[in-house]
Amino acid sequence: GYAKMTKNYQDQLHKEGRIWMLGALALFISVPLTISMITGIWPASKFFFPGFITTIIIFWPVTTIEVFTFTPMLGTGSSYLAFVTGNLTSMKVPAALNAQDSLNLTKGTEESDVIATIAVASSSIITTLIIIVGAILIIPLTPFLKSPTLEPAFNNIIPALFGALGIVYIIKRWQVAIVPIVFMIFFFLFVPGSGQLVGIMVTVGVTLSLVVARVLYKKGLIK
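Note on numbering: residues in each chain are counted from 1, in written sequence order. Restriction of local features to residues with pLDDT of at least 70 applies here, the model being predicted, together with a cutoff of 80 or more for giving and counting side-chain atom pairs; totals for whole chains, interfaces and linings are based on all residues. Here the side-chain values reflect all heavy atoms present in the structure, with hydrogen atoms and water set aside.

Participant: Describe the overall build of the protein, with residues and values.
Facilitator: Per the convention used, a helix needs a DSSP run of H or I reaching at least four residues, while a strand needs a run of E reaching at least two, with both numbered from the N terminus. Within the protein, the regular secondary structure consists of 9 helices and 0 strands. Listing each helix as α and each strand as β along the protein from the N terminus yields α-α-α-α-α-α-α-α-α. Principal-axis analysis of the C-alpha atoms gives the protein an extent of 65 × 55 × 40 Å. Buried means the residue's accessible area, taken with a 1.4 Å probe over protein chains only, is under 20% of the maximum for its type, while exposed means over 50%, and partly exposed covers the values in between. Relative to its 223 residues, the protein shows a buried fraction of 24%. Whether two residues touch is decided by their heavy atoms; if any such pair falls within 4.5 Å, the residues are in contact. In the protein, the share of contacts with a sequence separation of at least 24, taken over all contacts with a separation of at least 6, comes to 60%. Only the protein chains shown count as covering a residue, and every accessible area follows the Shrake-Rupley method with a 1.4 Å probe. Element-wise, carbon and sulfur atoms account for 76% of the exposed surface of the protein, whose accessible area totals about 15600 Å². Across the protein, 14 positive and 8 negative side-chain charges occur, with their mean positions spaced 8 Å apart. Lys and Arg are tallied as positive, Asp and Glu as negative. Neither His nor the chain termini are counted. Where a charge lies is defined by one atom per residue type: Lys uses NZ, Arg uses CZ, Asp uses CG and Glu uses CD.

Participant: So, helix 4 (residues 88-102): which residues are in play, and what are the values?
Facilitator: At Pro94, helix 4 shows its largest bend, some 25 degrees. Residues Leu88, Ser90, Lys92, Val93, Pro94, Ala96, Leu97, Ala99, Gln100 and Asp101 constitute the buried set of helix 4. One or two residues past the end of helix 4 sits Asn104, with phi positive at roughly 55 degrees. The reported bend at a residue is simply the angle between two axes, fitted to the 7 residues ending at it and to the 7 residues beginning with it.

Participant: Explain the packing of helix 3 (residues 76-85) against helix 5 (residues 110-145) to me, using residue names and the numbers behind them.
Facilitator: Remark: helix 3 packs on helix 5, axes separated minimally by 7 Å, with the N-to-C direction vectors making an angle of 20 degrees. By the criterion of interaxial angle, the relationship of helix 3 to helix 5 is roughly parallel. In this structure, the crossing between helix 3 and helix 5 has a hand that is left-handed. Seen from helix 3, the contacting residues are Thr76, Gly77, Ser78, Leu81, Ala82 and Thr85; seen from helix 5, they are Asp113, Ala116, Thr117, Val120, Ala121 and Ser124. Classifying every residue of the contact of helix 3 with helix 5 gives 5 nonpolar, 6 polar and 1 charged. Interaxial angles span 0 to 180 degrees and are taken between N-to-C directions of axes, which are lines fitted to C-alpha atoms, for helices over the stretch in contact. Any angle from 65 to 115 degrees is called roughly perpendicular, while one under 35 is roughly parallel, one over 145 is roughly antiparallel, and all others are oblique. Note on convention: the crossing is left-handed when the near helix lies turned anticlockwise from the far helix by less than a right angle, right-handed when the turn is clockwise. Three residue categories are used. Nonpolar comprises Ala, Val, Leu, Ile, Met, Phe, Trp, Tyr, Cys and Pro, charged comprises Asp, Glu, Lys and Arg, and polar comprises the others, including Gly.

As structure tokens, then:
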């Protein structure tokens, strides 16, 4: 019946999602590999390995944290698509959450999963089109984009996105938001080098929000 159909749908998503992720990984690796094979120029190990190690120290923990943080928000289908196409924090997650919230859908349901997939797919297509246009117009637009007038705007894109999106959820459960917001403000203001820990602190903020929500729920302060 319905439960079997749902399971088959989820199994299909996982199967195809893994195939596409492995395919994307192969494509990412094939570009530099093909260039080196054709030109005969290979990266020197004394430069490659220090850069590689520095990169994995930063990005692998952040990526792992994002999987556990964003997957419950995005759902099965859109998670695979979002992690393949990238830009989760600035594009995919805001698009999915906004679409779900516009339709008043509960996170984790099949309906929210489908809507999030459509939102992430639409965001990916639009992003690709914008990149194509940007690649074509990058030279004539460079002086305009680098102007001092626009610089503050580019430096505040992510705060603007999550500020506009976050206020919707903060208003709904402002009691839960107080402690995480105060904690994060003090942390980023007074801890040296905290700007490099944004990815890790996302999980800290989520965990803190869950703990606060649990305590308030037990005390009957929220429903």
